[in-house]
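Below, each chain spelled out in residue letters.
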Amino acid sequence: MIYVLEDDDNIRKLILYTLHTSGFEAEGFARPSAFYEAMERQMPRMLLLDIMLPEEDGLSVLSKLRRGSDTHALPVILLTAKGTEYDKVVGLDAGADDYLPKPFGMLELVSRIKAVLRRTEPAAQEEYRVGSLYVCPARHIVRADGQEVKLALKEFELLCALLRSSGVVLTRDALLSQIWGYSFDGESRTVDVHIRNLRKKLGEAGNCIETVKGVGYKIGGTT
């Protein structure tokens, strides 16, 4: 879902029509108050935000989003009649992901939207759930049985490597090379020690890390 906060009815309708015909779900709002109400119901993939608005200007809306714990990473493209370099810098410094001065072509708008989504969505959307284990690499969050778990950096990287290769057995050699940057020498127990510590910190959720005897480790059943 893409939200469009634009008070000009004709521009808003044209943008919504273009987004719908381009395969995007979209909803438009003429006032910030209506937009905030919609945010309570559903979090969008992106916001197209006009600067000159009734009730509250777009930069103020953007500032509030960037301060919000749930909205700080929401992709935002500013749409504005102001096209000077100063206005562009102000908008980008305020946290906008892109800036499109009016008048703009609809094909360019769709291209900008796709470009911003390519830059922002993989990290924002990557998350894993295995039983009671939840991991969001981009936000560095690990929860086991609903409780946040603090991991050392290598433990976190090891867990993420296993989750990204769900169902695939990763050898100790592969893990050492990927996480520590050197090859397995036949003597090192680095991976085994970190796996043991990881399981201990995760508690019952750590049982999802399976040992494949004589080979390495794997995690199965991620969603």
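What you see is a predicted model; the values in this text were computed from it and never measured. (Residues numbered from 1 in each chain as written. Predicted model: local features only at pLDDT ≥ 70, side-chain atom pairs only at ≥ 80, totals over all residues. Heavy atoms only, no water.)

J.: Got a minute to help me understand the nonpolar core in this structure?
T.: Soluble, globular proteins show a tendency: their nonpolar side chains are buried together. With 29 residues, the main nonpolar core has Val142, Leu159, Leu202 and Ile209 as its most contacted residues. Broken down by element, this core gets its largest block of residues, 7 residues, from helix H6 (residues 153-164). Beyond its immediate stretch of four places on either side in the chain, Ile209 contacts Leu162, Ile195, Leu198, Arg199, Leu202, Tyr217, Lys218 and Ile219. (Core = buried A, V, L, I, M, F, W, Y, C linked by side-chain atoms within 4.5 Å. Buried < 20%, exposed > 50% of the residue type's maximum accessible area, 1.4 Å probe, protein only. Helix = DSSP H or I, 4+ residues; strand = E, 2+ residues; numbered from the N terminus. Contact = heavy atoms within 4.5 Å.)

J.: What exactly am I supposed to notice about the sheet that holds strand E4 (residues 76-80) here?
T.: In any sheet, the strands associate via hydrogen bonds between backbone groups, in a parallel or an antiparallel arrangement. Read from one edge of the open sheet, 5 strands run E2-E1-E3-E4-E5, paired in parallel fashion. Two strands close off the open sheet at either side, each with one partner strand: strand E2 (26-29) and strand E5 (98-101). Adjacent strand axes in the sheet meet at a mean angle of 15° when their direction is disregarded. Pairing of strand E3 (residues 46-50) with E4 involves 4 bridges; the strand directions are parallel. (Pairing = 2+ DSSP bridges. Axes fitted to C-alpha atoms, helices over the stretch in contact; angles between N-to-C directions.)

J.: Is there a simple way to think about the pairing of strand E12 (residues 216-219) in this case?
T.: Here strand E10 (residues 170-171) runs beside E12; their pairing, made up of 2 bridges, is antiparallel. When the sheet's bridge partners are listed, Leu170 is paired in E12 with Tyr217. Pairing of strand E11 (residues 209-212) with E12 involves 4 bridges; the strand directions are antiparallel. What sits directly across from Thr211, in E12, is Tyr217. Hairpin connection between E11 and E12: a loop of 3 residues separates the two successive antiparallel strands, and Gly214 in this loop has a positive phi of roughly 80°.

J.: Sorry, what's going on with the side chain of Glu155 here?
T.: Along the polypeptide, Glu155 turns up in helix H6. Non-local contacts of Glu155, meaning those with residues more than four positions away in its chain, are made with His194, Asn197, Leu198 and Lys201.

J.: Explanation requested: the packing of aromatic side chains in the structure shown.
T.: Within a pair of aromatic rings, the relevant descriptors are the distance that separates the centres and the angle that separates the planes. Evaluated as defined, the whole model comprises 4 aromatic pairs. Look at Phe29 and Phe35: their rings are 6.3 Å apart centre to centre, the planes differ by 65°, and that puts the pair in the edge-to-face class. Of the aromatic side chains, those joined through ring pairs into one cluster are Tyr3, Phe29, Phe35 and Tyr36. (Phe/Tyr/Trp six-rings, centres within 6.5 Å; stacked < 30°, edge-to-face > 60°.)

J.: Any chance you could explain unusual backbone geometry here in plain terms?
T.: Glycine aside, residues mostly have negative phi angles, and peptide bonds mostly take the trans form. Of the consecutive residues Lys102 and Pro103, the connecting peptide bond is found in the cis state with omega at -5°. For Asp145, which is not a glycine, the phi torsion comes out positive at approximately 55°. Its location among the elements puts Asp145 in the loop between strand E8 (141-144) and strand E9 (147-148). With a relative accessible area of 47%, Asp145 lands in the partly exposed category.

J.: How do you make sense of the pattern of salt bridges when you look at a structure like this?
T.: Any two side chains of opposite charge can pair, so long as their charged atoms come close to each other. Evaluation of the coordinates by the stated rule reveals 15 salt bridges. Here Glu6 and Lys102 are joined by a salt bridge, their closest N and O atoms 2.7 Å apart. Here Glu6 is found in the loop between strand E1 (2-5) and helix H1 (9-21), whereas its partner Lys102 is found in the loop between E5 and helix H5 (106-125), with 96 residues between them in sequence. Of the charged contacts, one joins Lys102 and Asp50 as a salt bridge, the two residues approaching to 3.2 Å between their closest N and O atoms. Of this pair, Lys102 sits in the loop between E5 and H5 while Asp50 sits in strand E3; the two residues are 52 residues apart in sequence, bridging distant segments of the chain. (Salt bridge = Lys/Arg side-chain N within 4 Å of Asp/Glu carboxyl O.)

J.: Would you mind showing me how to read the environment of Leu162 here?
T.: Counting through the fold element by element, Leu162 comes out in helix H6. As a C-alpha pair, Leu162 and Leu107 span 55 residues in sequence and 40 Å in three-dimensional space. Leu162 has contacts with Leu170, Leu175, Ile195, Ile209, Tyr217, Lys218 and Ile219, leaving out every residue within four places of it along the chain.

J.: Could you clarify how one ought to interpret the sheet that holds E8 in this entry?
T.: Pairing within the open sheet is antiparallel, and its 4 strands lie in the order E6-E7-E8-E9. Here the strands that pair on one side only, and so sit at the sheet edges, are strand E6 (128-130) and E9. This element, H6, spans E6, strand E7 (133-136) and E8 of the sheet and lies at about 100° to E7.

J.: What am I meant to see in the state of the cysteines here?
T.: Between two cysteines, a covalent bond joining their sulfur atoms is known as a disulfide. Scanning the entire structure with this criterion turns up 0 disulfides. Cys160 carries a free sulfur, and the closest cysteine sulfur to it, the one in Cys136, is 9.1 Å from it. Between Cys208, a cysteine without a disulfide, and Cys160, which holds the nearest cysteine sulfur, the sulfur-to-sulfur distance is 12 Å. (Disulfide = S-S within 2.5 Å.)

Read these as layout, nothing more, since geometry by itself doesn't imply function.
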